[in-house]
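# Descriptive structure summary
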Amino acid sequence: MFRTALRNVFAHKARLLMTVFAVMLGVTFVSGSLVYGDSLHRAASARATDGYERIAVSVFPQDFDGAKRQDDGPPGIDTGTVHALAKVQGVALAAGRVTGFAAVADRDGRLLGHGPSHKAGNFAPGADGTDPAYRFTQGSGPTGGDTIALDETTAAKGGFRVGDTVRVGTHQGAASYTLRGIFRTDGTTLPAGGSLTLFDDATAQRLFLRPGLYQNVDVTAAPGADVPQLLGRIESVLPQGAGAATGAQLARIQADLATNDSDTMSQILLGFAAVALFVATFLISNTFTMLVARRTRELALMRAVGASRKQVRRILLTESLLVGAVASAAGLAAGTGTAALLQALFAPADAPAGPLVLTPGTVIASLLVGTALPMVAAWLPIRRAMAIPPVAALSAAEPTAPARTGSLRTGLGAALLVTGVAAAAYGALGTDRDARIVIGVGAALTLTGTIVLIPLLARPFVALVRPLLTRLHPVYGDLAARNTVRDPRRTGATAAALAIALTLASGLSVLGASAARYLDRATTHDFTADYLVKPAEGGMRMTAETAAALRKLPGAAVSPLDQSTEYLLAGTPSVLTGVDPATIGRLLRYDVVEGSLDRLAQGQIAVADFKARAAGWHVGQTLPLQRQDGRPDSVTIGAVYRADEQSNLLPSITAPDSLVARHDRTPHTAGILVALDGGPGRTALAGVTHALGDNPALAVLDQEGIRAQDSGSIGDQLDVFYALLSMALAIAALGIANTLAMSVLERRKEIGTLRALGVDRAGVSRMIRLEALVLGGLGATLGTVLGVFLGWALGRTLQESVAGYTLVLPWGRLALGVLVALAGALAASLWPARRAARVDIPAATAAP
């Protein structure tokens, strides 16, 4: 049986080529996702744990109630403890460490480095004058308050050399330093894509902690020292409130933290790979349906000479297994290459570099998926073929015509479609907390029902577009319409693959356009200031001094947005945002529905309508207020205003800054609003930037900048998703090419007859291309309609929490999706059309 299956595969290799290519693409996506994910996982883990081998034990403040917490300052390990640790038996070096935030500007004042990891540290040399955490390639470590050292990547990006002046921004403001050294380091101090600035001990403590304190102590073991025993000796000399862990323990923790992002990326890629494989299933099923139909007499002859039904079935399944094995091996190789390409493309970003990782699990999974998929997809066509009696198959002059869509299939498809649409609509219009789960189930049922019913929908769709086809060409358009509905099942299966990809693409387009419109409108409506000052990237903490510097600008109205957490307001967990009552009305637009915003100046608070509605609060109500400091207080609601739960500007509770200051000495300043008498402009922007000390860690955004920052990420994410869905579109296009190619083989006699009657080659090619456009139009139309419906349903669930969210139909993107689908279908028809046009007329007309 194996030899027979192998011979049949070689005999029909041209017809199976598209199937091999489709499976190969799917396996490429799967294996590439796994290899890239494993490589990124290992690289991130190696990067995060790099350097921990030199740390035998790390000592750190165990909690915020430790002995070294004084005057409500940050906890730390004092210098005396560091000296005591250095004297413990088996300790070669005890290096106190201080870390913090420091942003480095290039020569044009722009921020250097990618991602939120702009770090600072201290240079802690031992007796030999070196620090084991840093290997200097130029110069040496900083030795005074006006000198620094930079990691070599940051120095290279900024074009800095030893002796240059470098502008560095910290929580204390920006200052210029002399570059004394350039170094290399490991993942314990410098995450991928970040920058690291070293200060001397005293300067680092003053900027990031307190004089005489360290955030942790790295202990290096003497040669031959036993680490567990060393840990025990160190713990015996630690003061109350301090703890210790081995470097190996910390490495495991860091590895787990560092690999979360890579695991998420792998899951996203595998999700899109599953879509691509699902689309490939239709192509494989179509191929074997047509292939088995063409071989009906051959299979019947095998049955007639003694082969059992089970043996014939095994031969056909073995053929599909061989196809899958070849495609899987090719897909695995291509996937590994794709992973290498992804690594090269992502190398300039924050992703850590590392070698490709091809695990046995990836090889096994890729081969299993690639071999199992063709067998599963081919099972139903083979089962149908085995149901034909051998005598009937042998006596038929042509292969048995495919059955029409049965009533059972129609009823099942209609039930799935109606149930899915009802579930999605119920989830969209209802108020259930699990609405998105209901919509997800409804979407799956709707898509499945549509796939089942597509053969039934093919005829009315063709009837709808027939006038357009005949207008393009009366003869060839009519022939294309008739050929398309000749086998509705085949037409439906081919169009279904395209419909799935277009459903996802159009649904994402609707959600993305609606979210972008909401963010744009929220920015335009709520923001009335000229500028918003905020950290350029995560890590920077603005202080009261930052706002004070801006208040010195002539005619400036300034208000910080001081977020203070851990409040219980009438028993409800709440976040208070402190603002300047005198200026906030000029900087943000509050749509007050009850009370007055002026009451902020009287010490009262203003509450967003969704917060007041959920808690049952109203204007004039006095509420008990308590924070973790335990100090009881009470506040009165002076105003209620309209706001969205997801707003980036309007807070849920607006409070006077004096109230926040009574309970929180160090609130988180999320941003600072600034309005100038002369309005925004180049001169005003330069003035605000200069008032901030030309700090590279601070971004000054006008309305356009806020809009771009809020909505730009949505566009970037959509572009990534479109790129991933392009694989499914490519497989769907292969399906159209495969269907048309097999159809041309089946219709050789018919095409030869048309040529003999006077139809030229161009006419035959045009007929095939019109058939492709009908297939592409059917899939694109159904996919777009389903995508818009599902995008609307999911968007409706956001309207409860996002009051300004409305449905936006991105006609341009939707039309582009349809045009791409039609262009893909037209491109897929080029090869089948060329084959049809080159059919040998005598040979075709003489065929039985």
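Residues numbered from 1 in each chain as written. Predicted model: local features only at pLDDT ≥ 70, side-chain atom pairs only at ≥ 80, totals over all residues. Heavy atoms only, no water.

## Quick look at the overall build of the protein chain
Threshold: Secondary structure elements are taken from DSSP: a helix is a run of H or I of four residues or more, a strand is a run of E of two residues or more, and numbering for both begins at the N terminus. Three labels apply to residues, based on accessible area from a 1.4 Å probe with only protein chains included: buried if under 20% of the type maximum, exposed if over 50%, partly exposed otherwise in between. In this description, contact between two residues means that some pair of their heavy atoms is separated by no more than 4.5 Å. Using a 1.4 Å probe, accessible areas were evaluated by the Shrake-Rupley method; residue-level cover was limited to the displayed protein chains.
Along the protein chain, the regular secondary structure elements total 27 helices and 24 strands. Within the protein chain, buried positions represent 48% of all 848 residues. Taking all contacts inside the protein chain whose residues are at least 6 apart in sequence as the whole, residues at least 24 apart take part in 82%. Carbon and sulfur atoms make up 59% of the accessible area of the protein chain, which totals about 38000 Å².

## Observations concerning the side chain of Ser-58
Mapped onto the fold, Ser-58 is located in strand E1 (residues 57-61). Take Ser-58: its relative accessible area is 5%, and that puts it in the buried class. Look past the residues within four positions of Ser-58 in its chain and what remains in contact with it is Asn-216, Val-217, Asp-218, Gly-243, Ala-244, Ala-245 and Leu-250.

## As for helix H26 (residues 830-837)
In an α-helix there are 3.6 residues to a turn, and that puts residues three or four apart on one side. Selection rule: What the arc covers is the set of directions going from the helix axis to the C-beta atoms.
Within H26, the full set of buried residues consists of Pro-832, Ala-833, Ala-836 and Ala-837. With its buried residues spanning 135° around the axis, H26 presents them on a single face. Across H26 from its buried face, at more than 90 degrees, point the exposed residues Leu-830 and Arg-834.

## Examining the pairing of strand E3 (residues 91-97)
Look at any regular strand and the pattern is simple: side chains alternate between the two faces of the sheet. For clarity, the cut-off: By this definition, two strands are paired if DSSP reports at least two bridges between them.
Within E3, 5 of the 7 residues are buried, which leaves the element mostly enclosed by the surrounding structure. Where E3 and strand E13 (residues 216-221) come together, 6 bridges link them in antiparallel fashion. Directly across from Val-91, in E13, lies its bridge partner Ala-221.

## Brief notes about the packing of aromatic side chains
The line we're drawing: A pair of aromatic rings is counted whenever rings of Phe, Tyr or Trp (Trp by its six-membered ring) have centres within 6.5 Å, and the orientation is called stacked for planes under 30 degrees apart, edge-to-face for over 60 and tilted otherwise.
Scanning the entire structure with this criterion turns up 7 aromatic pairs. When the centroid spacing of 5.2 Å and the interplanar angle of 70° are considered together, the rings of Tyr-134 and Phe-183 count as edge-to-face. You can see Tyr-134 sitting in the loop between strand E6 (118-122) and strand E7 (135-139) and its partner Phe-183 sitting in strand E10 (residues 173-184), a full 49 residues away along the chain. Phe-183 gets classed as buried once you look at its relative accessible area, which sits at 0%. These aromatic residues form a ring-pair network of at least three members: Phe-123, Tyr-134, Phe-136 and Phe-183.

## Topic: the pairing of strand E16 (residues 557-569)
Relative to strand E23 (residues 668-675), E16 runs antiparallel, the two sharing 7 bridges. From the neighbouring strand, Ala-557 faces E23, where its bridge partner is Ala-675. Judged from the 6 bridges that link them, E16 and strand E17 (residues 572-579) form a sheet pairing that is antiparallel. Of the residues in E17, the one forming a bridge with Tyr-567 is Ser-574. Taking the residues between adjacent antiparallel strands as the criterion, E16 and E17 are bridged by 2 residues, where Ala-570 takes a positive phi near 55°. As defined by bridge partners, E16 adjoins strand E20 (residues 622-627) across 3 bridges and the pair is classed as antiparallel. The residue of E20 that forms the bridge with Leu-569 is Leu-625.

## Focus on the pattern of salt bridges
To keep it simple, the criterion reads: Throughout this description, the term salt bridge denotes a Lys or Arg side-chain nitrogen within 4 Å of a carboxyl oxygen of Asp or Glu.
Counted according to the given criterion, the structure contains 16 salt bridges. Where Arg-184 meets Glu-152, a salt bridge forms, and the shortest distance between an N and an O atom there is 2.9 Å. Linking Arg-184 in strand E10 with Glu-152 in helix H4 (residues 152-158), this pair joins segments that are 32 residues apart in sequence. Overall, the relative accessible area of 30% leaves Glu-152 in the partly exposed class. Notably, a salt bridge pairs Asp-580 with Arg-551, separated by 3.8 Å at the nearest N-O pair. Of the two residues, Asp-580 sits in the loop between E17 and helix H18 (584-587) while Arg-551 sits in helix H17 (residues 544-551), which places them 29 residues apart along the sequence. The exposure class assigned to Asp-580 is buried, which follows from its relative accessible area of 17%. Each of Arg-486, Arg-747, Glu-750 and Glu-771 takes part in salt bridges that share partners, so that together they form one network.

## Side note on the packing of helix H24 (residues 761-796) against helix H25 (residues 811-828)
For clarity, the threshold we go by: Axes, fitted as lines to C-alpha atoms, cover a helix only where it is in contact. Angles between the N-to-C directions of the axes lie from 0 to 180 degrees. Relative orientations are named as follows: roughly parallel for angles under 35 degrees, roughly antiparallel for angles over 145 degrees, roughly perpendicular for angles from 65 to 115 degrees, and oblique for any other angle. Crossing handedness is read from the near helix: turned anticlockwise from the far helix by less than a right angle, it gives a left-handed crossing, and turned clockwise, a right-handed one.
The interhelical angle for the contact between H24 and H25, taken along N-to-C directions, is 150°, at an axis separation of 8 Å. In terms of axis orientation, H24 runs roughly antiparallel to H25. Helix-helix and strand crossings are classified by hand; for H24 and H25 the assignment is right-handed. For the pair H24 and H25, contact is made by Arg-769, Ala-772, Leu-773, Gly-776, Gly-777, Ala-780, Thr-784 and Val-788 and by Leu-814, Val-818, Ala-821, Leu-822, Ala-825 and Leu-826, respectively.

## Here we look at H17
Those residues of H17 lying buried are Thr-546, Ala-547 and Leu-550. One face of H17 carries all of its buried residues, which in axial projection span an arc of 95°. Those residues of H17 that are exposed and aimed more than 90 degrees away from the buried face are Ala-544 and Glu-545. Looking at the buried positions of H17, the neighbouring elements they touch are strand E15 (531-535), E16, E23, helix H21 (682-691) and strand E24 (698-701).

## Some details on the packing of helix H15 (residues 474-484) against H24
The description of two packed helices rests on the angle between their axes and on the distance between the axes. This is how the line gets drawn: Residues were grouped as follows: Ala, Val, Leu, Ile, Met, Phe, Trp, Tyr, Cys and Pro as nonpolar; Asp, Glu, Lys and Arg as charged; and all remaining residues, including Gly, as polar.
It is at 8 Å that the axes of H15 and H24 come closest, and there the two elements cross at 50°. As the angle between them shows, H15 and H24 are arranged oblique. For the pair H15 and H24, the crossing hand works out as right-handed. Seen from H15, the contacting residues are Tyr-476, Gly-477, Leu-479, Ala-480, Asn-483 and Thr-484; seen from H24, they are Gly-763, Arg-766, Met-767, Leu-770, Glu-771, Val-774 and Leu-775. Within the contact of H15 with H24, the residues separate by chemical class into 7 nonpolar, 4 polar and 2 charged.

## Some thoughts on unusual backbone geometry
Of note, the phi angle at Ala-570 is positive, near 55°, even though the residue is not glycine. Within the fold, Ala-570 resides in the loop between E16 and E17. Phi at Asp-694 is positive, roughly 50°, even though this residue is not glycine. Looking at the element boundaries, Asp-694 is found in the loop between H21 and E24.

## Comments concerning the environment of Ile-253
Along the chain, Ile-253 falls in helix H7 (residues 247-258). Between the C-alpha atoms of Ile-253 and Ser-45, which are 208 residues apart in sequence, the distance is 10.0 Å.

## Focus: the sheet that holds E13
Ordered in space as E3-E13-E1-E14, the 4 strands form an open sheet in which the pairing is antiparallel. Looking at the sheet topology across the chains shown, the edges are occupied by E3 and strand E14 (242-246). Direction aside, neighbouring strands of the sheet carry axes that sit 20° apart on average. Contacting E1, E3 and E13, helix H3 (residues 79-86) crosses the sheet at an angle of about 165° to E3.

## Regarding the environment of Leu-469
One can find Leu-469 in helix H14 (residues 435-472). For Leu-469 and Val-774, which are 305 residues apart along the polypeptide, the C-alpha to C-alpha distance reads 8.9 Å.

## Focus: the side chain of Asn-483
You can see Asn-483 is positioned in helix H15. Exposure remark for Asn-483: the relative accessible area of 10% places this residue in the buried category.

## Looking at the confidence of the model for the protein chain
Quick note on the threshold: Confidence scores here are pLDDT values: one per residue, from the predictor, ranging 0 to 100.
Summing up the model confidence of the protein chain, the mean pLDDT is 82 and the portion of residues at 70 or higher is 87%. When the elements of the protein chain are averaged for pLDDT, helix H12 (residues 390-395) gives the smallest value, 60, and strand E8 (residues 147-151) the largest, 95. Counting interchain partners and residues more than four positions distant, the pLDDT-below-50 stretch residues 64-72 has 16 contacts. Contacts from residues 396-403, a stretch scored under 50 in pLDDT, to residues over four places away or in other chains number 8 contacts.

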